[in-house]
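Structural overview for review
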Amino acid sequence: MLLCTSTLVWAQFEFTKFYDLHDGLAPGWVNNISQDHTGNLWLCNRNGLSKFDGRHFVSFYANTGDTTSLQAAEIFDIAHLPNGDAWVATSRGLSKFHLSSNTFTTYTSNNGLSLDLVRKVLVENDSIIWTGHWWGLDRIHVPTMRVKNYRPYAAHLDSALLYRSRNHTKALKRSPYTGQIYSAQFTSLFQYDATSDQLVERLSTQPWGQHAISDFDWLNDSIIIIGLVEQKFVVELNLRTNISRQMFYPGIKDINKVVQISEDHLVFVDHQSGTLEYPSHHQKSAIITLPGEIAQSQRAVYLSFLQDKAGRRWVGTQSGLAQFQENKIQLFRSANNTSINYTQFDPTTGVCVTSGYEGTSAYSIDKGKWTPIEFSFSDISPWLIVFSPQQGLFYSIENNRLIAFHPSTSFRQEFRLTSNINGDVISDVKADEDGFIISLDRQLLRISYTGVIDTLFQYSERIFDFAYRGTDLFFSTLGAIQMRDREGKLKALYSENKLVPPRHLLMIGDTALWFDQTHTGLVKIDLSSPDYKHTIFGHNAGVISQVFHSMIHHQDQLLISAGFVMLTFDLRKEMVTDQLIHSDGAIHTEFLDQVHVLDDHHYFVTDVKGLLVFPNNQALDSICGIRIQYLQTGNGSRQYDVSGPLVLSHRDNDISIHLEVCYYGEDRDLHFAYKLKLHDPWIEVGESPVLNFTNLTPGQYSIFARVSNADGQSFVLTQPVAVHVLPPWWQTTWFRLLLILFVAGSIYLIYRNRITHLKEKHTVEKKLIRLEQIALKSQMNPHFLFNCLNGIRTLIKLKEEDQAVEYVNHLSTLLRDTLLHHEDALISLEKELAMTENYLTLGKLRFGDKISWTLSISEGLDTNKVHVPPFLLQPLVENAMWHGIKHLDTPGEINIIVEQQSNQIVIQILDNGIGLQKASELQTSQLRTRKHIGLSLVRKRLDAIHGRLTIQEREDVRGVASIIYLNINDHG
């Protein structure tokens, strides 16, 4: 047994707010306080479950008539899941909370639980949870709801009166170091051994008797601190040696909770004494942080405790929830407890010179430690000491002396002033490269660093404060601001309260003059506007109505000491972002001196009893977290699963993302923004926590969400929302691949067909050329030429020279066309008809008036665009003349008709000769052979171009019809 005799140490925590049922909190005892992954507080109450997001309470109450509600009024414990769901221990079973729908699913003994009264719940992993109750522990496999019960003590030791059960689970926790499960039952501590699947007792002896354990938590990786019911000591258990010992602390009376703040740092919640801290295992000291009197003022005792992620402390009582915040201001007392009124500071060397009624002192500041410096301040007035950053020296302005000194080097040098100065009427002093400029009653003087005094400006009234912009001078008198330009002209810029002067003039940049005026606030004059417009910042910007004692410009802030409060005014937002009030529980100090910048993270100012050091950002982070409460698409609401993307079809491509924010700042508006990809700019959407995306184009998105407040704090969604909008089938990869294959195949087939066609064409052309050569021979038969020449000779003898010449021209044209086109595979139908008419003209030389012909072409048919083999029609016309019309006793007629029928060109050669049968009887063998050769050539040439020839008797009159059919696609 170890007796700890440490004394009580008081820590400074400020009670800030108290919440009860009037704020929406469920009534009754606050049994437990926890914080989920977003930062929301959850309060397990005697009459319900409450969720607090920093601004609003949402409370859930029992409703046995609704299976989706809580089924019990009293809530004991809660365990949170990463996705926002939670397991809740109630007096009538174990309930699971579903974030997306704000509903509950309850499991009882009907579902396999050992007992409906569940006091503790703990999540081991994704599929295993533990519950603690009057009969020990249940280990539950969630997917199957299989339950296994563990009883540390025999069942017969459990009384029928449940509150006397030895297996009653008072605490159930998981080691932050090993992950092992520990539970407290009656007077002992048990550990679950996964290998043997049993509970192993860790306390081998109980020298403190039969006193029940109330709670426990880890001090570090090897020591557990155990609290007892109605005892004035705690138990320290060494897990490595399994040895326990008692630890006595002043103030401990009845510990209810043991909470680990960090390693080697615990907080005890005592029913009567308040909260006590055990900050270090080596110091063996206890700190009373929240005395029991505060709880009594709320007519309750402390029941539960939580220090949230931002450092706020929450205490649950019998009637509500109290919030406390640590005051981080540190007080460094002066040597011999002498008073301090003013301070001058050298930030380069860390030397501080303080002055007060007891005299002047010097301190060296190094790494937060303040060490007195021995230095003689004799003959140095404590009321007018100034530090010159340009010279790196402190200066004291006396009636007739200027004293330069520095305590760190023991440097001291005196200069006699060229004229005496009454320091009691000096209102403002500013140092520059050449010396000091001081406002002395109604004039501005310059004092060089060697003591030479020059008068810079005189005025009819007293000058209080001043500032320079180049050669322009700005100065304040009672209730007014004046400007004197480089030409010496005066202009009034501001005039308000004639009883008090504007003070602490600061020139920020070249366009803004800032100052303060008592009971008005901060004032800014815009020097760039033609009428020098001024703006007052009062309560609307967080500026309180007090006497301002000092104001300095640091980075983008104004640091202001004002009576009993210190303000940080952000120049960009033009509002107060921090308000610091110091109180040590006994003394409220008035800040009279200016604020000094100690380092990048701390400022300091004088206090009557010493120096106050405070952080440059006292306020805790207000935005604790943001998460997706649920998603809503065209198919309905759904909870977002971070394990994979949200897959949507191209028709269901509208999304609404409902965000949940945990915010503990002032009740100001929050602003939301989003971006669809990591490197995209943020898109502001206003104050609505709902992000709407309509008609998203197919593709993959990573939707980031951000929330920010007016103080510049922001929080980004930890994991972006992965969304995959599927494209329509005609935009899918497989369809594009098939399309590419189809196009490639089509191109290939077209290519193959083209090659085949070219080959066939080449073959046809070769065949046609060969046939043309045969046809040429046929056209050039000697009998035809002989008859033509004989006819022409006859015309000459008959003195028909003109007609003879005409026939000679026709014959020469026919011969020329025959020789010109005999190697052509195809010629236009127009040319072929012209050659045929020329042939008929020559035939008329032989037959005279016994033969005539006509040519008829369908309207709209362009014969120039239809192509046929040359000399195709001549054999047919020849047959009509020599085998049909020649044997007539009457004149004969040949009609050539060209027309389009559907997708064919039809050429008809009609004669009124003797017909096929009669011609066959009259033909000689020589003529038959020649006829057969001509017709055979025509058919072969038509076959080569996919055409055909029919020769038949005419139906209406005597004669023969020779009909040629040509496909338009092949010849058009």
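In case you missed it, the structure is sitting above this.
Residues numbered from 1 in each chain as written. Predicted model: local features only at pLDDT ≥ 70, side-chain atom pairs only at ≥ 80, totals over all residues. Heavy atoms only, no water.

Let's talk about the environment of glutamine 344
Put simply, the test is: For helices the rule is a DSSP run of H or I covering at least 4 residues; for strands it is a run of E covering at least 2, with both sets numbered from the N terminus onward. We call two residues contacting when some pair of their heavy atoms lies within 4.5 Å. The definition of a polar contact used here is a pair of N or O atoms within 3.5 Å, where within protein one atom must be able to donate a hydrogen and the other to accept one, and adjacent residues in sequence count solely through side-chain atom pairs.
With respect to the helices and strands, the residue glutamine 344 is situated in strand β31 (residues 342-346). In contact with glutamine 344, not counting residues within four places along its chain, are Val351, Cys352, Val353, Ile385, Val386, Phe387, Phe394 and His596. In this structure the side chain of glutamine 344 is engaged in a polar contact, spanning 3.1 Å, whose partner is the backbone nitrogen of phenylalanine 387.

Regarding the nonpolar core
The following threshold applies: The nonpolar core is taken to be a set of buried Ala, Val, Leu, Ile, Met, Phe, Trp, Tyr and Cys residues, with the residues joined through side-chain atoms within 4.5 Å. Only protein chains enter the accessibility calculation, which uses a 1.4 Å probe; a residue whose area is less than 20% of its type maximum is buried, one above 50% is exposed, and one in between is partly exposed.
Counting 40 residues, the largest nonpolar core has Ile894 and Ile964 as the members making the most contacts within it. Among the elements of the structure, α3 (782-797), α4 (801-821), α5 (829-847), α6 (874-885), β71 (892-901), β72 (904-911), α8 (925-944) and β74 (960-967) are those that each provide at least two residues to this core. If you look at the next biggest cluster of nonpolar residues, it comprises 25 residues, including Ala705, Val707, Leu717 and Val721.

Remarks on the packing of aromatic side chains
We count it as follows: Classification of ring pairs rests on two measures: the distance between centres of Phe, Tyr or Trp rings, Trp counted by its six-membered ring, which must be within 6.5 Å, and the angle between planes, read as stacked under 30 degrees, edge-to-face over 60 and tilted in between. Counted as over-ring charges are cases with an Arg CZ or a Lys NZ within 6 Å of the ring centre that also lie within 35 degrees of the ring normal.
Per the counting criterion, the structure on display carries 43 aromatic pairs. Centroid distance tyrosine 342 to tryptophan 383: 6.3 Å. Interplanar angle 85°. Geometry classified as edge-to-face. One end of the pair, tyrosine 342, is in strand β31; the other, tryptophan 383, is in the loop between β34 (369-373) and β35 (385-388), with 41 residues separating them in the sequence. Classification of tryptophan 383 as partly exposed rests on a relative accessible area of 44%. Taken together, a centroid distance of 5.1 Å and an interplanar angle of 70° make the contact between tyrosine 395 and phenylalanine 436 edge-to-face. Of the two residues, tyrosine 395 sits in strand β36 (residues 393-397) while phenylalanine 436 sits in strand β40 (residues 435-440), which places them 41 residues apart along the sequence. What makes phenylalanine 436 buried here is its relative accessible area of 0%. An aromatic cluster is present here, built from Tyr19, Phe52, Phe57, Trp314 and Tyr664 joined pairwise through their rings. Positioned above the aromatic ring of tyrosine 153 is the side chain of arginine 166, whose terminal nitrogen or guanidinium carbon lies 4.8 Å from the ring centre.

Digging into unusual backbone geometry
With phi around 55°, aspartate 197 is a residue other than glycine that occupies positive phi space. Within the secondary structure, aspartate 197 is located in the loop between β17 (188-193) and β18 (198-201).

Some words on the side chain of serine 165
Here serine 165 shows up in the loop between β14 (146-150) and β15 (169-174). Exposure remark for serine 165: the relative accessible area of 5% places this residue in the buried category.

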